[in-house]
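Structural features, examined
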Amino acid sequence: MSSSSLISPSKHHSTRLHATATATAVAVPSNLCRQNQATSTSAPSVSIRHITKTVPVCTEPRPSLANMWKEIQGASDWANLMEPLHPLLRAEIIRYGELVTACYKAFDLDPTSKRYLNCKYGKSRMMQETGLGHSGYTVTKYIYATPGIDTPTCCSRWIGYVAVATDEKEIKRLGRRDIIVSFRGTITSAEWVANFMSSLTPARFDPHNDRPDVKVESGFLSLYTSYDNSAKFTTGCCRNQLLSEISRLINQYKDEDISITLAGHSMGSSLATLLGYDLAEVGLNRDASGRKIPITVYSYAGPRVGNLGFKERCEELGVKVLRVVNVNDPVTKLPGVFLNENLRALGERFDMPWSCSCYTHVGVELALNFFKMNNPACVHDLGAYLGLLKCPAQMAQMKSEGGDIFTTLKDFISKQSLDNAWRFEAAAFQLGNLVQSLNI
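The notes below deal with the structure included here. Just so you know, these numbers come straight off a predicted model, no measurement behind them. For every chain, the first residue of the written sequence is number 1, and numbering continues from 1 onward in sequence order. At least 70 in pLDDT is required for a residue's local features to be given in this predicted model, at least 80 for side-chain atom pairs to be given and counted, and no such filter applies to totals for whole chains, interfaces and linings, which use all residues. Only hydrogens and water are set aside when side-chain values are computed; all heavy atoms of the structure are taken into account.

1. Notes on the pairing of strand S10 (residues 295–300)
- Of all 6 residues making up S10, 6 are buried, and the element is well covered by its neighbours.
- Residues of S10 alternate between two faces, with Ile295, Val297 and Ser299 on one and Thr296, Tyr298 and Tyr300 on the opposite face, all of them buried.
- Here, the term right-handed applies to a crossover whose path from the first strand over the helix to the second runs clockwise when the strands point away from the viewer. Only DSSP runs of H or I covering at least 4 residues are called helices, and only runs of E covering at least 2 are called strands; the numbering of each starts at the N terminus. Remark: the strand S9 (residues 258–265)/helix H8 (residues 267–282)/S10 crossover connection has right-handed handedness.
- Pairs of strands are assigned from DSSP output, requiring at least two bridges between the strands. Of the pairings in the sheet, the one linking S10 to strand S12 (residues 320–326) comprises 5 bridges and is parallel in character. Residue pairing in the sheet places Ser299 in a bridge with Arg323 of S12. To sort residues, take the accessible area from a 1.4 Å probe on protein chains only and compare it with the maximum for the residue type: under 20% means buried, over 50% means exposed, and anything in between is partly exposed.

Okay, here's the thing in structure tokens:
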């Protein structure tokens, strides 16, 4: 045996986990082997020395939302974040989707209630009552809208809320103070009628330029701009309520980094898109120094809102829209089942007069693929969208299996802890009728 033996560092030490590796050298006296153990009265002297070896490590920090919030909010149109879906973007899509589900959970559909067609809770309690008490946001205003149609049930009803990040830890995590406007989707019959008025009309939001080529769906525009003088909880149209409150918040936090995030499901996504365009068109997204405040729309299962002129103007103004859609959801194909961006391209090629009257989607699409058309409630349900996004492995499986996974997905969704209170059966019933009538 040699006078010393070295115990070397393990070869399996990860360079990502360890900055240094230590080797221990043990020196054993050479006469130890010859020592008569029977007469030995003490242990041999052993000296120990340490040899430190520096191992290179990966020092690149993990990306944080505070460092890349502008990219997550679409500053670069979500380039390199969609395929595969970046984990920070996935988390934000889910988080804003849950802020939209709060609208369904809080909406009072009890005809005997004093708050029928309004929010069940006061502003100070809403986040807590809907399970978002730790969101870090404070609700500042409730928003009401009136379908501009002549029916006995056409009255102002609660459509969503405005909130702002107020928790200091959340503001630090986000990297800015976020103003969120959240819209629910279609529930009442009057809203369904307004949804499918299906004619394009100029928006005319710019007070200095009518922009007749910028057209939007008349039903959504009516919901956004109509008044109800008999409203119990508010005055003014949906548009005026929103522009006033957002302007107030921008002025209140004018010396901070601010973002404006608009999120909605179904009809609510149309209102969110209209609001995003409106804010940018009238120039309200400016801070005290004149810097442009980014506007981002998270659209869940949203229909088309306007024509090509509307799409191009949104892009020109820098309004970022991320559309989360199920490719099997018929609502995302409306309005414009036939007169849409695909037919417009053909019309432009052959100089057809109707090419400028086609509906066109705005923004970047994140396509999901679940369920079949014979279950319309699930293909359009926001809970199903979010349940799927929360399980990346299931998304990968669905992508590989394609459309033949109805049974698998039904079992998957049934295992999710989704609150049935906001599964709006009325919308499912109307959607089923729509699917049958259109035969799609």
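2. With respect to the sheet that holds S9
- One open sheet holds the 7 strands; their spatial order is S4-S5-S6-S9-S10-S12-S14, and the pairing between them is mixed. Where the open sheet ends on each side, the last strands, each with one partner, are strand S4 (137–145) and strand S14 (364–368). In this sheet, neighbouring strand axes are inclined to one another by 15 degrees on average, regardless of whether the strands run parallel or antiparallel.
- Note: S12 against S14, 5 bridges, orientation parallel. Residue pairing for S14: Leu322 is matched across the bridge by Val364. What counts as an axis is a line fitted to C-alpha atoms, over the stretch in contact for a helix, and the angles between N-to-C directions run from 0 to 180 degrees.

3. Re unusual backbone geometry
- Residue Pro84 is bonded to the preceding Glu83 through a cis peptide linkage, with omega at 0 degrees.
- Along the chain, Pro84 turns up in the loop between helix H1 (65–72) and helix H2 (87–106).
- Look at the link from Leu334 to Pro335: it is a cis peptide, with omega at -20 degrees.
- In this structure, Trp78 takes a positive phi of about 60 degrees despite not being glycine.
- Positive phi outside glycine occurs at Arg204, with the angle close to 55 degrees.
- Here Arg204 shows up in the loop between strand S7 (200–202) and strand S8 (215–217).

4. As for helix H7 (residues 238–252)
- Between the first and last residue of a helix there are one fewer steps than residues, each counted as 1.5 Å, and that sum is the expected span. With 15 residues, H7 ought to run about 21 Å at 1.5 Å a step, and its terminal C-alpha atoms sit 21 Å apart, in line with that.
- Residues are treated as being in contact if the distance between any of their heavy atoms lies within 4.5 Å. Among the structural elements, S4, strand S5 (157–165), strand S6 (177–183), helix H6 (218–225), S9 and H8 are those in contact with the buried residues of H7.

5. As for the nonpolar core
- Note on terminology: a nonpolar core comprises buried Ala, Val, Leu, Ile, Met, Phe, Trp, Tyr and Cys residues joined through side-chain atoms within 4.5 Å. Core analysis: the largest hydrophobic core is formed by 53 residues, its most contacted members being Leu89, Ile93, Met126, Trp158, Tyr161 and Tyr300.
- The biggest single contributor to this core is H2, with 11 residues.
- In this structure, Tyr161 is in contact with Leu99, Ala102, Cys103, Met126, Met127, Val139, Lys141, Tyr142, Ile143, Ile180, Val181 and Ser182, ignoring residues within four places of it in sequence.
- Judged by nonpolar contacts, the second largest core, of 44 residues, contains Phe220, Ile258, Leu275 and Val319.

6. Here's the deal with the side chain of Glu92
- Within the secondary structure, Glu92 sits in helix H2.
- Residue Glu92 is classed as buried on the basis of its relative accessible area, which comes to 2%.
- Whenever two N or O atoms come within 3.5 Å, that pair is a polar contact, provided that in protein one can donate a hydrogen and the other can accept it, and provided that, for residues adjacent in sequence, both atoms are side-chain atoms. Reaching out from Glu92, the side chain makes a polar contact with the side chain of Arg95 at a distance of 2.8 Å.
- Once residues lying within four places of it in the same chain are set aside, the contact partners of Glu92 are Leu65, Ile72, Arg173, Leu174, Tyr298 and Tyr300.

7. Describing H1
- Of all the residues in H1, the buried ones are Leu65, Met68, Trp69 and Ile72. In a view along the axis of H1, the buried residues occupy a sector of 160 degrees, so they form one face of it. Within H1, the exposed residues directed more than 90 degrees away from the buried face are Asn67 and Lys70.
- Contacts made by the buried residues of H1 are with H2, helix H4 (168–174), S9 and S10. Here the arc refers to the set of directions running from the helix axis out to each C-beta atom.

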